[in-house]
Amino acid sequence: MTDSTPHHGTGPGHGTGAVVVVAAALLDGGRLLAARRSAPEELAGRWELPGGKVEPGERPEDALVRELREELGVEAEPGERIPGEWPLKPGYVLKVWTARLLSGEPRPLEDHDALRWLARHELDTVDWLDQDRPAVAEAARRLPVA
Ligand code: 523
C-alpha cells in the first residue's frame, strides 16, 4: 500500500486490497460444522466452512454473524481468528474465525444442501474446498481427540 492510496471509497468493495470472504469454524459439543455447497456449479458438492463476503463498511465479525444467520438460521458468536489468510479467485481472500452457537440449530437455508457436525476423527470424511483445508486443520486442534 502506498501513502497516496485511499483507504475508503474506491475499488471493488473495500477501497483497497482484496474482497474479504469470512468463514466460521463453528464448534459445538466437540464437533465442527461442515456445509456442502449447492452452487456455483464448479463448487457444488464440495464442503466448506460457512460464510460469505464482507459487505462494504461492514466489520468482518459482523459479516460472519450475518452470514451464519442468513445461511443457517442461527445466532452465533465469533471467537478467535484462525491465523492466516488464503487466496480465493483473483481479488478475494478467505479469513476464518472460530465461532460458537448461541441459539438455534443450523439448517441449510441458502447456499448449502447438506450440513454435518464432524468429530475430529471424521474431518477427512468430506471433500473440503482446497482453500478451506488449512483452517479446518487448525480448527481440528480445538476439538477433543477422542
Ligand atoms: N469461499 C470459499 N470458502 C468458504 C466460503 C464461505 C467461501 O472458498 N468457506 C469462496 C467461494 C466463493 C467466494 O468465496 O468463490 C464467495 O463465497 P460465497 O459465494 O459463499 O459468498 P456470498 O454468499 O457472500 O456470495 P453471494 O451469494 O454472491 O453474495
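Before reading on, note that the structure itself is shown above.
Now for a description of the structure that goes with this document. (Residues numbered from 1 in each chain as written. Predicted model: local features only at pLDDT ≥ 70, side-chain atom pairs only at ≥ 80, totals over all residues. Heavy atoms only, no water.)

**Quick look at the side chain of E48**
The line we're drawing: Counting from the N terminus, the helices are the DSSP runs of H or I reaching at least four residues and the strands are the DSSP runs of E reaching at least two. Using a 1.4 Å probe on the protein chains alone, a residue whose accessible area is under 20% of its type maximum counts as buried, one over 50% counts as exposed, and one in between counts as partly exposed. Think of a polar contact as two N or O atoms within 3.5 Å of one another; within protein, one of them needs to be a possible hydrogen donor and the other a possible acceptor, and neighboring residues in sequence only count if both atoms come from side chains. Throughout, a residue-residue contact means that at least one pair of heavy atoms, one from each residue, lies within 4.5 Å.
Looking at the element boundaries, E48 is found in strand 3 (residues 47-48). For E48, a relative accessible area of 7% puts it in the buried group. Side-chain polar atoms of E48 contact the side chain of R37, separated by 2.9 Å. The contacts of E48, once residues within four sequence positions are left out, are L33, A34, A35, R37, H112, W128, L129 and D132.

**A short note on the nonpolar core**
Convention followed: Remark: nonpolar core denotes a set of buried residues (Ala, Val, Leu, Ile, Met, Phe, Trp, Tyr, Cys) joined through side-chain atoms within 4.5 Å.
Counting 22 residues, the largest nonpolar core has L32, L49, I82, V96, L123 and W128 as its most contacted members. Elements represented by at least two residues in this core include exactly strand 1 (19-28), strand 2 (31-37), strand 5 (75-87), strand 6 (92-103), strand 7 (112-118) and helix 2 (133-140). Those residues in contact with L49 that sit more than four places away from it in its chain are A23, A24, A25, L32, L33, V96, W128, D132, A135 and V136. Of all hydrophobic cores here, the second largest spans 16 residues; its members include L33, V54, V93 and L101.

**Side note on the pairing of strand 1**
What counts is decided by this rule: Any two strands with at least two DSSP bridges between them are considered paired.
Among the 10 residues in strand 1, 9 count as buried, and that is most of the element. Bridge analysis of strand 1 against strand 6 gives 9 bridges, and the strand direction is parallel. Paired with V20 across the strands is V93, a residue of strand 6. Pairing of strand 1 with strand 4 (residues 51-53), which is carried by 3 bridges, proceeds in the antiparallel orientation. Looking at the pairing, V22 lines up with G52 of strand 4.

**As for the packing of aromatic side chains**
Here is the rule we go by: Note on aromatic contacts: the rings of Phe and Tyr and the six-membered ring of Trp form a pair at centre separations within 6.5 Å, being stacked when their planes are under 30 degrees apart, edge-to-face when over 60 apart, and tilted otherwise. Geometrically, a lysine NZ or arginine CZ counts as sitting over a ring once it is within 6 Å of the ring centre and also within 35 degrees of the ring normal.
Throughout the structure, instances matching the rule amount to 0 aromatic pairs. Taking the ring centre of W97 as reference, the NZ or CZ of R81 above it sits at 5.2 Å.

**Here we look at the pattern of salt bridges**
The criterion, for reference: The salt bridge definition used is simple: a Lys or Arg side-chain nitrogen within 4 Å of an Asp or Glu carboxyl oxygen.
Going through the model one piece at a time under the given rule, you end up with 19 salt bridges. A salt bridge links R46 to D130, with the shortest nitrogen-to-oxygen separation between them at 3.3 Å. Note that R46 is positioned in the loop between strand 2 and strand 3 and D130 in the loop between strand 7 and helix 2, a separation of 84 residues in sequence. By relative accessible area, which is 52% here, D130 ends up exposed. In this structure, the salt-bridge partner of E85 is K95, at a minimum N-O distance of 3.8 Å. Residue E85 is located in strand 5, and its partner K95 is located in strand 6; the two are separated by 10 residues in the primary sequence. Where salt bridges share partners, they join E55, E58, R66, E67 and E70 into one cluster.

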